[in-house]
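Tertiary structure, described
If you want the building blocks of each chain, they are given just below.
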Amino acid sequence: MPPHSRSPNCEGNPQGIKLLRDSLKTCNISSSSLLVSHVFVVFGASGDLAWKKIYPTLWALFRDRLIPQGTRVVGYARSKMTVSQLRENCAGTVKAKKGEEDLLDQFWAANKYVAGSYHDTADFDLLVREIAAEEKPCANRLFYLALPPSVFKQITSMIKACCMSPTGWTRVIVEKPFGKDSTSSADLSCHLRELFSEEQLYRIDHYLGKEMVQNVISLRFGNMIFGPTWNRDSIANVKITFKEPFGTKGRGGYFDEFGIIRDVMQNHLVQLFCLTAMEKPVSTSPDDIRDEKVKVLKAISSLTLPSCVLGQYCGDPDSEDPDARLGYLEDPTVPEGSSCPTFAAAVLKINNERWDGVPFMLKCGKALNERKAEVRIQYKDVPGDIFNGGTVRNELVIRVQPNESVYVKVMTKTPGMSFNLQETELD
């Protein structure tokens, strides 16, 4: 659907929730599951990612019965706070609709919070006691690292030393960014391999959880209509865009360490880029999809400086929004004179038979004119124009946010006696 015709509230879809339950097979609880417990530990529970993404997602899974019954959530961070204070911090993102208030109370009743350092064994012993307090004979533990990569090695070493489940599985989820550069990424990979098996380790880019991102594979390989034209013979260019209408909002200290390229482009946008450009995988298994993504990345020509644009937002003194009047360097948490980019654009080219000569333009930035994330595939001009230049290039748009949608921009005849053309959106 075009964005203007789609309802902004996509929650509460009973059919979608039923499909999720069926696919996850978590509705029917077997008798053996009564002897199994699950604990979800959120490291960095007081941070921005936790209250914006992790806790709202856990609440949605709890509300819709998409996680095992009795699952407990334990937050861990250096900040001293109570579960009540954590709930207050999440009040803007973890919300109950009418009639769900008791369920929300049950969700927070299943939460605990432990304050401690990321390197002190005594603090982790306290965490383990909280985890084990209500565990059953088979105890499964999942640890989510909603933290900057600078503490990944400390945390994972302490998990291995103190927190592994003695009777069930242990899983460790590592949030992006995975290191700060190639060297630190390789170092972190070596460190994690020494501690955990591959089956215990999950490297997560949370953007891949978005429904429309996952839908790129379905649209490409589940429909005959797109396949024959998905190549350099028909496509002129591909634009992958990520825009945020706000600045750092007091998080400049964290953001300045990574910048927009590490924060958005090299993970979120590159994942979308790979899904758009890769060949058809043998199956939908994670390993087969990963193999095709890697082939695309290996075929990218080296990026050169003339193919990039970097920028940093400044304040708008005429804006009614107090935040918009502040530039990046006016954020008190940003180091003085920082040259960290808040906007980046790059043109990638793929040296293979399908995409030779087709530019893939990746753009991302903060404090821009709107909130939007999309893939826009623009087709070539129609050969042999008979409409006196009245045609406009066709476009396939996959809108990731806001208001998920897929639509095609095509040319149609205007009503009346003439053959004048107009652009129309097919959804």
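Residues numbered from 1 in each chain as written. Predicted model: local features only at pLDDT ≥ 70, side-chain atom pairs only at ≥ 80, totals over all residues. Heavy atoms only, no water.

Some words on the environment of Ser 182
- Along the chain, Ser 182 turns up in helix H7 (residues 182-195).
- Counting along the chain gives 126 residues from Ser 182 to Pro 56, while the straight-line C-alpha distance between them is 32 Å. (Helix = DSSP H or I, 4+ residues; strand = E, 2+ residues; numbered from the N terminus.)

A few points about the state of the cysteines
- In this structure the tally under the stated criterion is 0 disulfides.
- Cys 162 forms no disulfide, and the closest cysteine sulfur to it belongs to Cys 163, at a distance of 5.5 Å.
- Unpaired in terms of disulfides, Cys 308 finds its nearest cysteine sulfur in Cys 364, a separation of 11 Å.
- Relative accessible area serves as the criterion here: at 24%, Cys 308 is assigned to the partly exposed category. (Disulfide = S-S within 2.5 Å. Buried < 20%, exposed > 50% of the residue type's maximum accessible area, 1.4 Å probe, protein only.)

Focus on the sheet that holds strand S5 (residues 170-175)
- Taking strand neighbours across the sheet as the criterion, the 6 strands line up as S3-S2-S1-S4-S5-S6 in an open arrangement whose pairing is parallel. One side of each edge strand has no neighbouring strand; the edge strands of this open sheet are strand S3 (111-115) and strand S6 (201-204). Along the sheet, successive strands turn relative to each other by an average axial angle of 20°, direction set aside.
- Relative to S5, strand S4 (residues 138-145) runs parallel, the two being bridged by 5 bridges. (Pairing = 2+ DSSP bridges. Axes fitted to C-alpha atoms, helices over the stretch in contact; angles between N-to-C directions.)

Comments concerning helix H6 (residues 152-163)
- Turning to H6, its buried residues are Phe 152, Ile 155, Thr 156, Met 158, Ile 159, Cys 162 and Cys 163. Angular distribution of buried residues about the axis of H6 spans 160°; they occupy a single face of the element. (Arc of directions from axis to C-beta.)

Side note on the pairing of S5
- Counting buried positions along S5 gives 5 out of 6 residues, so the element sits mostly inside the fold.
- Between the parallel elements S4 and S5, the chain passes through H6 in a crossover that is right-handed. (Right-handed = clockwise from strand over helix to strand, strands pointing away.)

Concerning the pairing of strand S10 (residues 359-365)
- Of all 7 residues that make up S10, 5 are buried, and the element is covered over most of its length.
- Of the pairings in the sheet, the one linking strand S7 (residues 235-243) to S10 comprises 6 bridges and is parallel in character. Residue pairing in the sheet places Ile 240 in a bridge with Leu 362 of S10.
- Of the pairings in the sheet, the one linking strand S9 (residues 343-349) to S10 comprises 7 bridges and is antiparallel in character. Across the sheet, Leu 348 pairs through a bridge with Phe 360, a residue of S10.

Here's the deal with the pattern of salt bridges
- If you walk through the whole model with that rule in mind, you get 20 salt bridges.
- Note that Asp 187 is salt-bridged to Lys 153, the shortest N-O span being 2.8 Å. With Asp 187 in helix H7 and Lys 153 in helix H6, this residue pair connects regions lying 34 residues apart in the sequence.
- The salt bridge involving Glu 244 is made with Lys 366; its shortest N-O contact spans 2.6 Å. (Salt bridge = Lys/Arg side-chain N within 4 Å of Asp/Glu carboxyl O.)

A word on the packing of aromatic side chains
- Under the counting rule described, the total for this entry stands at 16 aromatic pairs.
- When the centroid spacing of 5.4 Å and the interplanar angle of 70° are considered together, the rings of Phe 43 and Tyr 76 count as edge-to-face. Remark: Tyr 76 occurs in strand S2 (residues 72-77) and Phe 43 occurs in strand S1 (residues 36-43); sequence separation between them is 33 residues. Accessibility assignment for this pair places Phe 43 and Tyr 76 in one class, buried.
- Measuring from centroid to centroid gives 5.9 Å for Tyr 313 and Tyr 328, while their planes differ by 70°, and the two rings are edge-to-face. Taken together, the positions of Tyr 313 in the loop between strand S8 (308-311) and S9 and Tyr 328 in the loop between S8 and S9 put the pair 15 residues apart, joining distant regions of the chain.
- Through a chain of ring-to-ring contacts, three or more aromatic side chains come together here, namely Phe 43, Tyr 76, Tyr 118, Phe 124 and Phe 143.
- Over the face of the ring belonging to Trp 169 we find Arg 171, whose NZ or CZ atom lies 3.9 Å from the ring centre. (Phe/Tyr/Trp six-rings, centres within 6.5 Å; stacked < 30°, edge-to-face > 60°. Lys NZ or Arg CZ within 6 Å of the ring centre and 35° of its normal.)

Notes on the nonpolar core
- Within the largest apolar cluster, 51 residues are counted, with the highest numbers of intra-cluster contacts made by Val 42, Phe 43, Tyr 55, Phe 124, Leu 127 and Ile 159.
- The greatest single-element share of this core, amounting to 6 residues, is contributed by H6.
- In this view, Ile 159 contacts Phe 43, Phe 143, Leu 145, Met 164, Val 172 and Phe 196; residues no more than four positions away in its chain are not counted.
- Listed in part, the 47 residues of the second largest apolar core include Phe 226, Ala 277, Tyr 328 and Trp 355. (Core = buried A, V, L, I, M, F, W, Y, C linked by side-chain atoms within 4.5 Å. Contact = heavy atoms within 4.5 Å.)

Quick word on the packing of helix H5 (residues 121-132) against H6
- In the contact formed by H5 and H6, the axes pass within 10 Å of each other and the chain directions differ by 60°. Judged by the inter-axis angle, H5 sits oblique to H6. Viewed along their axes, H5 and H6 form a crossing whose handedness is right-handed. In this structure, H5 contributes Thr 121, Phe 124, Asp 125, Leu 127 and Val 128 to the contact, and H6 contributes Ile 155, Met 158, Cys 162 and Cys 163. (Parallel < 35°, antiparallel > 145°, perpendicular 65-115°, else oblique. Left-handed = near helix turned anticlockwise from the far one by under 90°.)

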